[in-house]
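The primary structure of each chain is shown beneath.
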Amino acid sequence: MALPIRARLAIVCAALVGALVLGLGTLVYLRLEADLRAAADDGLLPRATAVVEEPPSGPTLAIDPSDVGDIFSQVLARDGTVLATTPGLGPGPVVPTTGLGALDGPRYFDSVVPLTEEPLVARVLEMPTADDRVVVVGVAFDDQREALDRLLVLLGLAGLVAILLAGAVGWLVAGAALRPVERMRVEVEAVSGSEPGRRLRLPAGRDELAALGVSLNRMLHRLEGAVERERRFVADASHELRTPLANLKAELDLALHRARSPSELVEALRSASEETDRLSQLAEDLLLLASADGGRLPMRLEEVDVSGLVRETVGSFEGRAATLGLVLEASVEDGVRARIDGARIRQAVGNLIDNALRQTPAGGRVTVEMSAQSGILSIAVADTGVGFETGYLPRAFEAFSRADESRSRIAGGAGLGLAIVRAIAEAHRGSVEASNKDEGGALVVFRVPT
């Protein structure tokens, strides 16, 4: 189980201070120990040199009165036999004799020297002489060792106190630093859909926490927008479904209300079938838009003759254009092929042509131009109608949007055509743009990579 961030920060602070104290303490301890040994060694070398230069004439080595208990000397043969010694030492050699035969120069080391009263921790120097003997000189090192032990204890206590203080300070500092985060967490928990527009209070200053608060507020704004779009989508979808369902029920109720002739029943069934077709198409459009919003618009990419596809799509609307008294023209570049979903592109082009035919009065013209340049397939549909209203352009590709909300939903459609076009373009990693031409009329350009 992971520890809270506050505890982890406190542990990290304590660990860092502990490592620092350990490093510094080790450095101080080793440095002091080396200095004490160097000081002792500096005193041993001249004493050993004096014994080498003036060998003792008997079995006893003379020492200064001030050196009693602190300084001792011995002269040994290579086999470890004691030739001369200072008073107070044991009867045998004060150092191990195994390495004396191979000794060829001064050697310093720590040793426990046996005295007549009690062993002595000492710093010892062994120095060979020209006449194949070994001079051993030592000095008491127990006081220095006690000082080093006391230093070690003090460093341990100081390190423990420093670690505890660092942990406590890290805990307090982390708590203070995370307090605004905790406050924002509590506020985020309190945010709900019943309080639209609620935002987090930002901490003072311009630090990382303030930036986090700004980002969270932006996220809340985006989520509110998404929720609002979903609510509007559901409301509009319900409204769109209500109208054909009401018409269908009315047709069936009228057909059942009284006896009808066969021709009247056929007409009622034909009208009901048309309403059913509208319901089916509306349901398919709603499912397509819902899939596109979830990023799951089904695609079947394959190599397609786009030139032929666009010509066929335009041709399917020629009869309707003639009925409406409109001229439908196409300018299609030959030989254009692309890896696309042909059915989706056909649907997008059909929606654009259908929308243009709806918005163009009799006697007008609708043109479709298709070209491919620099790996981009471009399909432009223009008309000579009144064009888009200026306030409608920013929401032209939103679901259920219409330039004239008072228009009949049968004549004006459900307002899903352009939204589906945008969903198909984005599924192909493309784009679609709507604008008004300078000479009048609307222009919609659909672009997808080939």
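Presented here is a report on the structure given in the accompanying data block. (Residues numbered from 1 in each chain as written. Predicted model: local features only at pLDDT ≥ 70, side-chain atom pairs only at ≥ 80, totals over all residues. Heavy atoms only, no water.)

What to know about the overall build of the chain
Broken down by element type, the chain carries nine helices and 12 strands. For the chain, the residues scored as buried account for 35% of the 450 residues in total. Sequence separation of 24 or more characterises 63% of the internal contacts of the chain that already satisfy a separation of 6 or more. For the chain, the accessible surface area stands at approximately 25,900 Å², while carbon and sulfur atoms represent 58% of it. (Helix = DSSP H or I, 4+ residues; strand = E, 2+ residues; numbered from the N terminus. Buried < 20%, exposed > 50% of the residue type's maximum accessible area, 1.4 Å probe, protein only. Contact = heavy atoms within 4.5 Å. Areas by Shrake-Rupley, 256 points an atom, 1.4 Å probe, with all protein chains shown as cover.)

Here we look at the side chain of Glu126
Within the secondary structure, Glu126 sits in strand β4 (residues 120-128). Judged by its relative accessible area of 1%, Glu126 falls in the buried class. Polar contacts involving the side chain of Glu126 include one to the side chain of Arg107, which spans 2.8 Å. In this view, Glu126 contacts Val95, Pro96, Leu100, Leu103, Gly105, Pro106, Arg107, Phe109, Val134, Val135 and Val136; residues no more than four positions away in its chain are not counted. (Polar contact = N/O pair within 3.5 Å; in protein donor to acceptor, adjacent residues only side chain to side chain.)

Some remarks on helix α1 (residues 5-53)
The end-to-end C-alpha distance of α1, which contains 49 residues, comes to 71 Å, matching closely the 72 Å that a straight helix rising 1.5 Å per residue would cover. Turning to α1, its buried residues number three or more, namely Ala7, Ala10, Ala14, Gly18, Gly25, Tyr29, Glu33, Ala40, Asp41, Leu44, Ala48 and Val51. Elements that come into contact with the buried residues of α1 comprise β1 (71-77), β3 (107-113), β4, β5 (133-140) and α2 (142-190). (Expected span 1.5 Å × (residues − 1).)

Considering the sheet that holds strand β9 (residues 365-373)
Taken in spatial order, the five strands line up as β7-β9-β10-β12-β11 in an open sheet, and their pairing is mixed. A single partner strand is all that each edge strand has here, and the edge strands are β7 (327-332) and β11 (431-436). When the angles between neighbouring strand axes are averaged without regard to direction, this sheet yields 15 degrees. When β9 meets strand β10 (residues 376-383), the two strands line up antiparallel, connected through eight bridges. In the strand pairing of β10, Ser371 is matched with Ser378. Against the sheet, helix α7 (residues 342-359) engages β7, β9, β10 and β12 (442-449), with an angle of about 20 degrees to β10. (Pairing = 2+ DSSP bridges. Axes fitted to C-alpha atoms, helices over the stretch in contact; angles between N-to-C directions.)

Side note on unusual backbone geometry
Look at Ser374: it is not a glycine, yet its phi comes out positive at around 55 degrees. With respect to the helices and strands, the residue Ser374 is situated in the loop between β9 and β10. In the Ramachandran plot, Arg429 falls in the positive-phi region, its phi being about 60 degrees despite a non-glycine side chain. For Arg429, the position within the fold is in the loop between α9 (417-427) and β11. Of the residues examined, Arg429 reaches a relative accessible area of 74% and is grouped as exposed.

Quick look at the side chain of Thr129
Position of Thr129 among the secondary structure elements: in the loop between β4 and β5. Taking relative accessible area as the criterion, Thr129 reaches 14% and is therefore assigned buried. Among the polar contacts listed, one links the side chain of Thr129 to the side chain of Asp131, at a separation of 2.3 Å. When residues no more than four places from it in sequence are discounted, the contact partners of Thr129 are Val52 and Val135.

Some words on the nonpolar core
Counting residues in each nonpolar core, the largest one holds 41 residues, and the members touching the most others are Val310, Ile379 and Phe446. Secondary structure elements with two or more residues in this core: α5 (306-316), β7, β8 (337-340), α7, β9, β10, α9 and β12. Examining the composition of this core, we find that seven residues originate from one element, α7, more than from any other. Ignoring anything within four residues of it in the chain, the contact list for Phe446 reads Ile345, Ala348, Leu352, Leu377, Ser378, Ile379, Val421, Ile424, Ala425, Ser431 and Val432. In terms of nonpolar packing, the next biggest core, distinct from the first, is built from 15 residues, Phe72, Val94, Val95 and Ala122 among them. (Core = buried A, V, L, I, M, F, W, Y, C linked by side-chain atoms within 4.5 Å.)

Remarks on a negative patch on the surface
The grouping of Asp70, Asp143, Glu146 and Asp149 at the surface amounts to a negative patch. Here Asp70 is to be found in the loop between α1 and β1. Since its relative accessible area comes to 38%, Asp70 is described here as partly exposed. (Patch = residues over 30% accessible without salt bridge, like charges linked within 9 Å, V, L, I, M, F, W, Y side chains within 5 Å. Salt bridge = Lys/Arg side-chain N within 4 Å of Asp/Glu carboxyl O. Lys, Arg positive; Asp, Glu negative; His and termini not counted. Charge placed at Lys NZ, Arg CZ, Asp CG, Glu CD.)

Let's talk about the sheet that holds strand β2 (residues 82-85)
Remark on secondary structure: sheet strands pair via backbone hydrogen bonds, oriented parallel or antiparallel. Taken in spatial order, the five strands make up an open sheet running β2-β1-β5-β4-β3, and their pairing is antiparallel. Each edge of the open sheet is held by one strand with a lone partner, namely β2 and β3. Going across the sheet, the axis of each strand differs from the next one's by a mean of 25 degrees, ignoring polarity. For β3 and β4, the ladder comprises seven bridges, and the chain directions are antiparallel. Residue Ser111 lies in a different strand from β4, and its bridge partner there is Ala122.

Everything listed here is a matter of coordinates, which is why it stays silent on function.
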